[in-house]
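Examining the three-dimensional arrangement
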Amino acid sequence: MKITDAKVLISSPGRNFVTLKVYTDQGIYGLGDATLNGRELAVAAYLSEHLIPCLIGRDPFQSEDIWQYFYRGAYWRRGPVTMASIGAIDIALWDIKGKALNTPVYNLLGGKSRTGVMVYGHANGRDIEETMDEVGKYAAMGYRAIRAQSGIPGILSTYGVAKDKLYYEPAEKGLPTENLWSTEKYLLHVPKLFEALRLKFGDDVHLLHDAHHRLTPIEAARLGKSLEPYRLFWLEDPTPAENQASFRLIRQHTVTPLAVGEVFNTIWDCKDLVQEQLIDFLRTTVVHAGGITHLRRCADFAALYQIRMGCHGATDLSPVCMGASLHFNLWVPNFGVQEYMRHTPETDAVFPHGYSFERGYLIPGDTPGHGVDIDETLAAKYPYRPAYLPVNRLEDGTLWHW
Ligand code: EZ4
Ligand code: CO
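What this report covers is the structure whose coordinates are included nearby. (Residues numbered from 1 in each chain as written. Chains lettered and ligands numbered in written order. Predicted model: local features only at pLDDT ≥ 70, side-chain atom pairs only at ≥ 80, totals over all residues. Heavy atoms only, no water.)

**Points about the overall build of the protein**
We apply this condition: Every helix listed is a DSSP run of H or I at least four residues long, and every strand listed is a run of E at least two residues long, numbered separately from the N terminus. Exposure categories follow from relative accessible area, calculated using a 1.4 Å probe and restricted to protein chains: below 20% of the type maximum is buried, above 50% is exposed, and the middle band is partly exposed. In this analysis, two residues are considered to be in contact whenever any of their non-hydrogen atoms come within 4.5 Å of each other. Per-residue and other accessible areas were derived by the Shrake-Rupley procedure at a 1.4 Å probe size, with only the shown protein chains allowed to occlude residues.
The helix and strand inventory of the protein stands at 13 helices and 17 strands. In terms of its C-alpha atoms, the protein occupies a principal-axis envelope of roughly 60 × 45 × 40 Å. Taken over 402 residues, the protein has a buried fraction of 57%. Nonlocal contacts in the protein, meaning residues at least 24 apart in sequence, comprise 74% of its contacts between residues at least 6 apart. Counting only carbon and sulfur atoms, one obtains 53% of the accessible surface of the protein, whose full area is about 15800 Å².

**Topic: the coordination of the cobalt ion (ligand 2)**
To be explicit about the condition: In this description, a donor is an N, O or S atom within 2.8 Å of the metal centre, a cutoff extended to 3.2 Å for sodium, potassium and calcium. Water is not part of the atom list, which can make sites seem incomplete.
Coordination of the cobalt ion (ligand 2) by the protein comes from D210 (OD), E236 (OE) and E262 (OE), over a distance range of 2.0 to 2.2 Å. Between consecutive donor residues of the cobalt ion (ligand 2), the sequence gaps follow D-x25-E-x25-E. Remark: E236 occurs in strand β9 (residues 234-236) and D210 occurs in strand β8 (residues 206-210); sequence separation between them is 26 residues. For the pair formed by D210 and E236, the shared burial category is buried.

**Remarks on helix α11 (residues 319-331)**
Test applied: What a helix should span is 1.5 Å times the count of its residues minus one. We call two N or O atoms a polar contact when they sit within 3.5 Å, provided that within protein one can donate a hydrogen and the other can accept it, with sequence-adjacent residues counted only if both atoms are side-chain atoms.
Between its terminal C-alpha atoms α11 stretches 19 Å, which fits the 18 Å expected from 13 residues at 1.5 Å a residue. Counting buried positions over the 13 residues of α11 gives 13, a clear majority of the element. The opening residue of α11 is S318, an N-cap whose side-chain oxygen sits 3.0 Å from the backbone nitrogen of V320.

**Observations concerning helix α2 (residues 63-73)**
Helical geometry note: an α-helix holds 3.6 residues per turn, so side chains three or four residues apart project in the same direction. Note the threshold: By arc we mean the arc of the directions from the helix axis to the C-beta atoms, nothing more.
The complete set of buried residues in α2 reads S63, I66, W67, F70 and Y71. Projected onto a plane normal to the axis of α2, the buried residues spread over an arc of 125 degrees and lie on a single side. Remark: Y75 follows α2 within two positions and exhibits a positive phi of approximately 75 degrees.

**Overview of the site of ligand 1**
Threshold: Residue proximity to a molecule or strand is established when one non-hydrogen atom of the residue lies within 4 Å of it. Only Asp, Glu, Lys and Arg are considered charged, only Ala, Val, Leu, Ile, Met, Phe, Trp, Tyr, Cys and Pro nonpolar, and every remaining residue, Gly among them, polar.
The immediate surroundings of ligand 1 are formed by 14 residues, with N37, Y159, E262, R283 and D316 found nearest. Here an oxygen atom of ligand 1 and a side-chain polar atom of H312 are 3.0 Å apart. For ligand 1, the accessible surface in isolation is 320 Å², of which the surrounding protein chains cover 94%. Broken down by class, the residue content of the shell around ligand 1 amounts to four nonpolar, three polar and seven charged.

**With respect to the sheet that holds strand β1 (residues 3-11)**
This is how it is decided: When DSSP finds two or more bridges between a pair of strands, those strands are recorded as paired. Fitting a line to C-alpha atoms yields each axis, with helices limited to the stretch in contact; the angle taken between N-to-C directions then spans 0 to 180 degrees.
Strand order in the open sheet formed by three strands is β1-β2-β3, and the pairing between neighbours is antiparallel. Every other strand in the sheet has two partners, leaving β1 and β3 (29-33) as the edge strands with one partner each. Across the sheet, the mean angle separating the axes of adjacent strands is 20 degrees when strand polarity is ignored. Relative to β3, strand β2 (residues 17-24) runs antiparallel, the two being bridged by five bridges. Each residue of the ladder has a partner; that of T19, found in β3, is D33.

**Focus: the packing of α2 against helix α10 (residues 291-303)**
What counts here: Throughout, the term roughly parallel applies to angles under 35 degrees, roughly antiparallel to angles over 145, roughly perpendicular to angles from 65 to 115, and oblique to all others.
α10 packs onto α2 with a crossing angle of 90 degrees between their chain directions and a minimal axis gap of 9 Å. Here α10 runs roughly perpendicular to α2, going by the angle between their axes. Facing α2, whose interface residues are E64, W67 and Q68, α10 presents T293, H294 and R297. A breakdown of the residues in the contact of α2 with α10 according to their chemical character gives one nonpolar, three polar and two charged.

**A short note on the packing of aromatic side chains**
A ring pair, where both rings are aromatic, is described by two values, the distance of the centres and the angle of the planes. The condition that has to hold: Each aromatic pair joins two rings of Phe, Tyr and Trp (for Trp, the six-membered one) with centres within 6.5 Å, and gets the label stacked for planes under 30 degrees apart, edge-to-face for over 60, and tilted for any other angle.
Inspection of the entire model under this criterion finds 14 aromatic pairs. Between F17 and F351 the ring centres are 5.5 Å apart and the planes differ by 85 degrees, which places this aromatic pair in the edge-to-face class. Taken together, the residues span a long stretch of sequence, with F17 in strand β2 and F351 in the loop between α12 (345-350) and β14 (356-358) at a distance of 334 residues. Using a relative accessible area of 0% as the deciding quantity, one classes F17 as buried.

Below, the structure written as structure tokens:
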């Protein structure tokens, strides 16, 4: 089998997605997600200008060799743009292999290790009361794991708190907006939210929280400690992880489980965190870490240290990434949970898919490949629109973490 062509499709059904379509001489094509929130066109150009010309003529079954060729052959290794580009190709190749062998991708990895993939939803409100109502709605939909975020008294807008509840989109159209942030107010408020949630919902539901890299290590340690009575499933991104050693300090002070890695793009980003057992869950996902080929390597490494996978699954990861991630998670032995922010009906229409939600789990379905397609005619109706995540400043104007 030979790769005959590949093209990059950019579509914005409510938000921007970059999709790679790889064609073969046997009429089979594969799809990969190449979306990098707020830097979409950089990945599109990296693929079209630099990788696709080298991809044509290769055997799609040699996905390992192709991965090594693009990773090592570039000389300039790693980084989100490079790794999302390699990731898109890798996802598309696994899709082609599954279709050619008439089997779902999870069978190529080692088969089902479980019946479904436990997911967590995003409950968020302007205040504790509204967040409690939202958690109630997710519990009623059957979710077993729910992330809770609440607006903070005295802070005008809080990242992670949406206006549109079921279809929250973190990026905003146009150039980046700026939000104000106060760590002091946040640290006082969050424990109150989780105290109220445990009182109302009891112990049966897994509760999660995302600090979005806003805290220093000692502040994160304090938050983890103050949340211990409420037994979180995890506290996510307590502090930026560029300096992996920062997590030693948090770990010394708290038994609240820690999750990190949605911005990681290779195994090197988590090397010390994993080897020193400084985290409990690795958040890295298929597209941003070079596809299934490299994420599998990260997961096997994490498994040696009893760390489980908790892949990123926000709306800026396209349904193609979600499809691939679900096959990965159905197989991966050290599975923890998968994030699941629902895509809008507009997005779902552009990306017809076989996966479905059942009582708190996503089921990838048995379609050969990863089971996600693209309706190109519909996709063409939604041209690219610049959109960015907000930038955060402290109340005195200081540009803060993340
Ligand atoms: O900020 O996906 O856990 N989820 C998150 C997301 C991320 C966005 C970044 O593109 O933190 O909302
Ligand atoms: Co996050």
